[in-house]
Amino acid sequence: MLRVRVASQEKWWLPLAIGGIAIVVGIIIAVVIPADSLFRPTTILVASISLMGLGVVTGTAGMIALCQLSFAAVGAWIVEWFSVNDIWGNIFGNFSFVVYMLIAGIGTAAIGVVVGLPALRLRGVNLAVITLGIAAAFDLTLQKTSFPALVAGEHVARPFGLGPDFGGDKGIFIFAVVVTVLVAIGITYLQYSRWGSSWKSVAFSERGTASAGTSVQFAKLTAFAVSAFVGGIAGGLFDSQITQANFSSFSPLQSLGMYVLSAVVGSHLIDMALLGGILFVVIPWILQLFKVPLEWSTVIFGVLGIQALTTGSNLGTDIRNGLRRRRGRALVPTEVGLASSDAIAAVEIPRGTGKVLLDIKGLTVEFGAVKALTNVTLAVEEGTILGLIGPNGAGKSTLIDALTGFLPAHGGTVTLNGVPLDKLAPNRIARGGLRRTYQQDRVPPTLSVGAYMRFVSRGQAKPSEIDEILAFFACPPVRTPLSLVDVGTRRLIEVAASIAAKPQVLLLDEPAAGLSHDEHVAFGDRLRQVPSRYGVTILLIEHDLDLVRSVSTSITVLNFGEVLASGSQESVLSNPEVLKAYMGETELL
Amino acid sequence: MWLNNVVAGLTPGATYAIVGVLLTLMSQLTRVVNFAQVAVGMFGGYISLTLVTKMHLPIFVGVTVGVLVAAILSALLGWIIATWLSEASTSARSAVTVAALLFLISLAFILFGYRNQPFPTIVAGPLFKLPGGAVVSKVTVVVIVLAIVITVGSWAFLKFTAFGVKLRAVSDRQMAAELLGLNVKMLNVSVWFVTGAIAGITVALVGPSASNDYVTLSSVVIPGAAAALVGAFRRMDLALIGGLAIGAIQGLFAGFPNLLIIRDWVPIIFIILFLLWNQRKEVWDVAR
C-alpha cells in the first residue's frame with residue numbers, strides 16, 4: 001500500500017488574507033480604470049457569484065440544478081420591491097440596500113428549499129428537468145408580472161447613496177468586489193465545515209452519508225438553500241448595477257448556459273468561478289471588438305461545453321491535479337502498510353462484561369414472497385467481538401441493512417442498550433450508537449482524510465484522538481486527500497472513522513476484503529484491541545475464517561436467512577451442520 | 001368556450017407528447033435526456049425554409065432535405081456522445097446536449113438571421129366542427145395521429161422486430177451486447193438519426209402554426225421533457241398522455257385571464273407531485 005504525504009497545511013486565516021488582498025486590488029482597479037469601463041468588470045463579479053452558488057449545489061453536492069438565474073431573478077425582484085415600496089423609510093440610512101439584499105438572500109434561500117424538496121426523491125436528469133421546468137415557469141411569470149421598478153417606472157436607489165452616473169459606477173464596482181469577497185469567504189468556510197462535508201458525501205453516496213449520522217435531506221436542502229441564497233445576493237448586486245431589472249436577463253436558456261459554464265470551469269472552486277465570470281463577459285466583448293456577431297460567443301461556450309463534458313473534466317480540477325502532480329514529485333512516497341507498520345503487542349481475544357448491548361429478537365425480513373431473514377435472534381455482549389459468518393446469500397448484509405434502518409420494514413425487535421431502534425431513520429440509528437461500514441467503497445474521494453474523520457465522528461473524537469486512531473490502523477495522515485488513497489486503505493479509514501465516532505456497537509461488513517493475507521493478520525491484531533482500547537463492541541461479518549477465528553469471542557452462523565448455530569468458537573466450528581453449510585457435503589465424504 | 005380552449009391546447013399538447021415520447025425513447029435506448037431534441041428539428045425547419053424561399057425549390061424537396069439535416073445533426077451529436085462518453089453517467093451525457101442546444105440556437109441566429117419568417121405550410125385549415133362549436137383543425141388531427149403512431153409504432157418495433165430487440169439488448173446490457181458482436185455504436189447512432197428525423201417532421205408540421213423563433217421553438221423541449229417526466233422517462237404511453245394533458249390544461253387555463261400565472265405553474269407542480277408519489281419507494285440512491 002502506498003501512502004503519499006501531502007505537505008499542505010490547514011491555514012484557516014488564508015481565505016481572509018486572500019479576501020483582504022482582493023479588496024485592496026479591487027479598490028486599486030477602481031481608481032486606475034476609468035469609470036465608464038467598469039461596467040464589464042462589475043458584470044464579471046455578478047456572474048462569478050452566480051457561478052459560486054451553482055458550484056455549491058451542482059459542483060459540490062452533485063445535483064444538477066438548472067434554475068440558478070431564477071434565484072437571481074427572485075433576489076432582484078425582492079430588492080426592487082423593498083426599494084420601490086420604501087416601507088422602512090430611512091431607518092437603515094445608507095445601508096438600506098444592503099439590508100434589502102440580505103432579505104433578498106434569505107427569501108431566495110427559502111424558495112431554494114422549496115425548489116430542493118423534489119431532490120429528496122428525484123435524482124439525476126429527473127431533477128435536472130424539474131429544475132428546468134421551474135425555471136421556465138418562473139420566466140413566464142416574470143414576463144407577465146415584470147419587475148417592481150419597471151412597473152413603477154422608477155430606478156432602484158443605489159447603495160450608500162451612490163449616484164446613477166459614472167462616479168456611482170466606481171462605487172458600485174467596489175461594492176461588488178466587497179460582496180464577492182464576502183460570498184467567496186463564506187462559501188470557502190462552508191465547504192470546509194460539516195455542511196460542506198455533508199454535501200461532498202451526499203454527492204458520492206446517500207447511504208454512506210446517512211450511516212455517518214447525517215441526514216441526507218438536511219444535506220440536500222442546505223445545499224439548495226445556500227445556492228439560492230448566493231443566487232439571490234447575485235440578483236441584488238445585479239440590481240445595484242443596472243437599477244432596473246428585466247426578465248430577459250434571467251431566461252431559462254441563460255440558466256442552462258450558466259450550468260454549462262459552471263461545468264466547464266468547475267465552479268465549486270472559487271478561483272474557477274471567477275474565471276467563469278471572466279469568460280462569461282470577456283468572450284462576447286472580444287467578439288464585439290472584432291465586430292463578430294455576439295451569438296458566436298454562445299457557439300464557443302457550446303463547443304467548450306461539449307469538449308469539457310465529453311472529456312469528463314473541468315479546468316479547475318485539471319489545473320489542481322497538474323499542480324498536485326508537480327508538487328507530489330518532490331515528495332517521496334513512503335510505503336507504509338498495515339503489515340509492515342510497527343508490530344502491535346499481542347492481545348488475547350476480548351472477553352465481554354456479561355451485559356447484552358445489542359439485542360435482536362425474532363428479526364424477519366421479507367422481499368415480496370422471498371424470506372431473506374427468518375426469526376433471527378442474536379445478542380451481542382458488551383466488550384466482545386461477535387463473528388457472523390455464513391455462505392453467500394445467507395442474509396448477512398440484509399441483517400446489517402435491517403439493523404441500521406435501511407430497509408422499509410422488518411419484523412421482530414432490535415434494542416441497543418435497552419433503547420428500541422426499530423422505527424428510527426438510519427442517521428438517527430447511527431447517532432444513537434449503532435454504526436456500520438460497507439462492503440463497497442462509500443468514502444467520498446473529494447474529502448481529505450481529516451475532513452472525513454471529523455465528518456463521520458461528529459465531534460466524538462478530539463484531533464489528537466483522530467491522529468492516534470489513524471496511526472493505530474496505519475492509515476495516512478489527516479492532510480492526505482482521499483482521492484490519492486487506494487480503495488483497500490479507504491475501507492480501513494472507514495473503519496477507523498467509525499471507531500472514532502465511538503458508537504456502542506460497530507457492524508463491520510467484510511472490512512478486510514481487498515487486503516493481503518499479512519494485512520489480514522495485522523488487522524486482526526488491531527481489531528482484538530478495539531473493545532478494550534476504544535470501548536466499541538463489534539459485530540464482524542467476514543468470509544476469511546482465519547480472521548474471524550483470530551478475533552471473535554463468539555461466532556454465529558447464518559444460512560438461508562436463519563441462525564444455524566451460535567456460541568463459542570469451538571462449539572460452532574465443530575458443529576457438523578455448520579461444516580456441511582460451509583464446506584458443502586462432498587467435502588466430508 | 002372552454003372546449004374550444006382545450007381543443008386549441010391539443011396541438012401544442014400533441015407536440016409535447018411527440019417530444020416526450022422521443023425523449024423517453026432516447027433515455028431508454030441511449031441513456032440520454034436530449035435537450036437538443038427539438039433544436040435539431042428547428043435547425044432542419046430553417047434549412048427547408050431557406051431552400052423554399054431563397055432557392056425556390058418545391059416544398060416537398062425543401063422539407064425532405066430539412067428532415068434529413070435534422071436527422072444527420074442528431075446522429076452527429078449521438079456519434080460524439082457514443083464515441084467519447086460511452087461509459088459516462090446519464091447526467092454527463094445529457095449535459096452535452098445542453099451545450100449542443102445552445103450551440104444550435106446561436107448558429108441559427110448566425111446562419112438564418114434575426115428576422116423570423118413563417119415556415120412553408122404543409123397542412124392547414126379546419127377539418128371538422130365539434131357539437132359545441134369547437135373547430136378542430138387538420139394540423140391538430142395530424143399531429144395527434146402522429147403522436148399515437150410514434151408511440152404505438154416504437155412500442156411494436158421494439159417488441160416485435162429483431163432490430164428492436166437488438167436495441168433493447170444494447171440499452172439493457174451494453175457490455176453483454178458488445179460481447180455478442182453487436183455494433184453498439186452504430187445502433188445508438190441510428191436511434192439518434194431516427195429521433196432527429198421525427199423531430200424534423202414534427203417541426204415541419206407544427207412550425208407554421210406555432211411561434212417559430214429559434215428560442216421559443218427549441219424550448220418546446222421543456223414541456224416535452226415535462227411530458228416525459230410523467231412517465232419518469234420510462235413509459236411512452238404515460239409520456240403521450242402527459243403531453244396531451246399538459247397541452248389541454250394550458251389551453252383550459254387560457255380561458256381564465258385571472259389565472260394566467262397559475263397556468264404556467266400547474267403542469268410542473270402536477271408533475272412534481274405525480275413523480276413524488278410514483279417514485280416514493282426510491283428512498284436511496286442505490287439498492288444496496
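Each value, and the rule that gives it
- The written sequence of each chain sets the order in which its residues are numbered from 1.
- All chains are assigned letters beginning at A, and all ligands numbers beginning at 1, according to the order in which they are written.
- Restriction of local features to residues with pLDDT of at least 70 applies here, the model being predicted, together with a cutoff of 80 or more for giving and counting side-chain atom pairs; totals for whole chains, interfaces and linings are based on all residues.
- Numbering of helices and strands runs from the N terminus, with a helix taken as a DSSP run of H or I at least four residues long and a strand as a DSSP run of E at least two residues long.
- Neighbour density around each residue's C-beta defines its exposure: 20 or more other C-beta atoms within 10 Å make it buried, 12 or fewer make it exposed, and counts between make it partly exposed, where C-beta atoms are placed from the backbone.
- Placing a C-beta atom from the backbone of each residue, one calls two residues in contact when those atoms lie within 7 Å.
- The pairing criterion for strands is at least two bridges between them, as found by DSSP.
- Axis definition: a line fitted to C-alpha atoms, limited for helices to the stretch in contact. Angles are taken between N-to-C directions and run from 0 to 180 degrees.
- Residues were grouped as follows: Ala, Val, Leu, Ile, Met, Phe, Trp, Tyr, Cys and Pro as nonpolar; Asp, Glu, Lys and Arg as charged; and all remaining residues, including Gly, as polar.
- Confidence of the predictor at the level of single residues is captured by pLDDT, which takes values from 0 to 100.
- How far a helix is expected to stretch is found by multiplying one less than its residue total by 1.5 Å.
- A residue's bend is simply the angle between two axes: one fitted to the seven residues ending at it, one to the seven starting at it.
- Each domain span listed reflects an automatic or database assignment of domains.
- Our angle categories are set so that under 35 degrees counts as roughly parallel, over 145 as roughly antiparallel, 65 to 115 as roughly perpendicular, and the remainder as oblique.
- Each crossing is labelled by how the near helix is turned from the far one, with a counterclockwise turn of less than a right angle marking it left-handed and a clockwise turn marking it right-handed.

Undergrad: Give a detailed account of the overall build of chain A, specifying residues and quantitative values.
TA: Along its length, chain A carries 24 helices and 10 strands. By residue count, 52% of the 589 residues in chain A fall in the buried class. A separation threshold of at least 6 residues defines the contact pool for chain A, and within that pool the share at least 24 residues apart is 77%.

Undergrad: Any details on the sheet that holds strand 6 (residues 434-436) of chain A? Residues and values, ideally.
TA: Residue and element names in this part refer to chain A. Here six strands make up an open sheet; going across it, the order is 6-7-8-3-9-10 and the pairing mixed. Each edge of the sheet is formed by a strand with only one pairing partner; in this case those strands are strand 6 and strand 10 (562-568). Each strand axis lies, on average, 15° off the axis of its neighbour in the sheet, ignoring direction. Bridge count for strand 9 (residues 554-559) against strand 10 is six bridges, and the pairing is antiparallel. Of the residues in strand 10, the one forming a bridge with Val557 is Ala565.

Undergrad: Quick rundown of the interface of chain A and chain B? Include the residues and the values.
TA: Taken together, the contact pairs 46 residues of chain A with 43 residues of chain B. Every element with two or more residues in the side of chain A that touches chain B is listed here: helix 5 (124-145), helix 9 (206-211), helix 11 (252-265), helix 13 (295-311) and helix 15 (396-403) of chain A. Its residues assigned to classes, the side of chain A that touches chain B comprises 25 nonpolar, 14 polar and seven charged.

Undergrad: Give me the sheet that holds strand 5 (residues 419-420) of chain A: which residues, what numbers.
TA: All names here are of chain A. Taken in spatial order, the four strands make up an open sheet running 2-1-4-5, and their pairing is antiparallel. Of all strands in the sheet, those with a lone pairing partner are strand 2 (370-381) and strand 5, marking the two edges. The sheet contact formed by strand 1 (residues 356-367) and strand 4 (residues 411-416) spans five bridges and is antiparallel. Bridge assignment links Asp359 to a residue of strand 4, and that residue is Thr415.

Undergrad: So what's going on with the confidence of the model for chain B? Residues and values would help.
TA: Taken residue by residue, chain B gives an average pLDDT of 87. The fraction at 70 or more is 100%. For this predicted complex, the interface score ipTM comes out at 0.85, alongside a pTM of 0.90.

Undergrad: Can you lay out helix 12 (residues 260-278) of chain B for me, pointing to particular residues and giving the numbers?
TA: Across its 19 residues, helix 12 of chain B extends 28 Å between first and last C-alpha, which sits within 8% of the 27 Å expected from 1.5 Å per residue. By the largest-angle criterion, B:Val266 marks the main kink of helix 12 of chain B, which is about 35°, and a proline, B:Pro267, follows within four residues. Here helix 12 of chain B has its buried residues at B:Arg263, B:Pro267, B:Ile268, B:Ile271, B:Ile272 and B:Leu275. In the core, the buried residues of helix 12 of chain B are packed alongside helix 5 of chain A together with helix 10 (221-230) and helix 11 (236-254) of chain B.

Undergrad: I'd like a rundown of the pairing of strand 1 (residues 126-129) of chain B, residues and numbers included.
TA: The side chains of a regular strand alternate, residue by residue, between the two faces of the sheet. All names here are of chain B. Relative to strand 2 (residues 135-137), strand 1 runs antiparallel, the two being bridged by three bridges. Pairing of Pro126 across the sheet is with Ser137, part of strand 2. If you look at the hairpin formed by strand 1 and strand 2, you'll find five residues sitting between the two strands, and Gly133 has a positive phi there, around 100°.

Undergrad: Got a sec to walk through the domain arrangement of chain A? Specific residues and values, please.
TA: Residues and elements named next belong to chain A. On domain assignment, one finds that chain A holds domain 1 (14-258) and domain 2 (356-433 + 503-588). Here the C-alpha centre of domain 2 lies 49 Å away from the C-alpha centre of domain 1. Counting residues at the interface gives seven residues for domain 1 and six residues for domain 2. Its residues placed into classes, the side of domain 1 that touches domain 2 shows two nonpolar, four polar and one charged.

Undergrad: So what's going on with the packing of helix 11 of chain A against helix 4 (residues 90-112) of chain B? Residues and values would help.
TA: Relative placement of two packed helices is described by the angle separating their axes and the distance separating the axes. Remark: helix 11 of chain A packs on helix 4 of chain B, axes separated minimally by 10 Å, with the N-to-C direction vectors making an angle of 125°. Of the possible angle classes, the one that applies to helix 11 of chain A and helix 4 of chain B is oblique. The crossing of helix 11 of chain A and helix 4 of chain B is left-handed. Residues A:Leu253, A:Leu256, A:Gly257, A:Tyr259, A:Val260 and A:Ala263 of helix 11 of chain A touch helix 4 of chain B, and the partners they reach there are B:Ala95, B:Val98, B:Ala99, B:Leu101 and B:Leu102.

Undergrad: Before we move on, can you summarise unusual backbone geometry with the specific residues and values?
TA: For residues besides glycine, phi is generally negative; the peptide bonds are generally trans as well. Residues and elements named next belong to chain A. The backbone phi angle of Phe160 is positive, close to 55°, even though this residue is not glycine. The phi dihedral of Phe560 is positive, around 50°, even though this residue is not glycine. Among the structural elements, Phe560 can be located in the loop between strand 9 and strand 10.

Undergrad: Hey, could you go over the pairing of strand 8 (residues 537-541) of chain A for me, with residue numbers and the actual values?
TA: All names here are of chain A. Within strand 8, five of the five residues are buried, which leaves the element mostly enclosed by the surrounding structure. Of the two faces of strand 8, the one lined by Thr537, Leu539 and Ile541 and the one lined by Ile538 and Leu540 are each fully buried. In terms of strand pairing, strand 3 (residues 385-389) meets strand 8 through four bridges, oriented parallel. Within strand 8, the residue paired with Leu388 across the bridge is Ile541.

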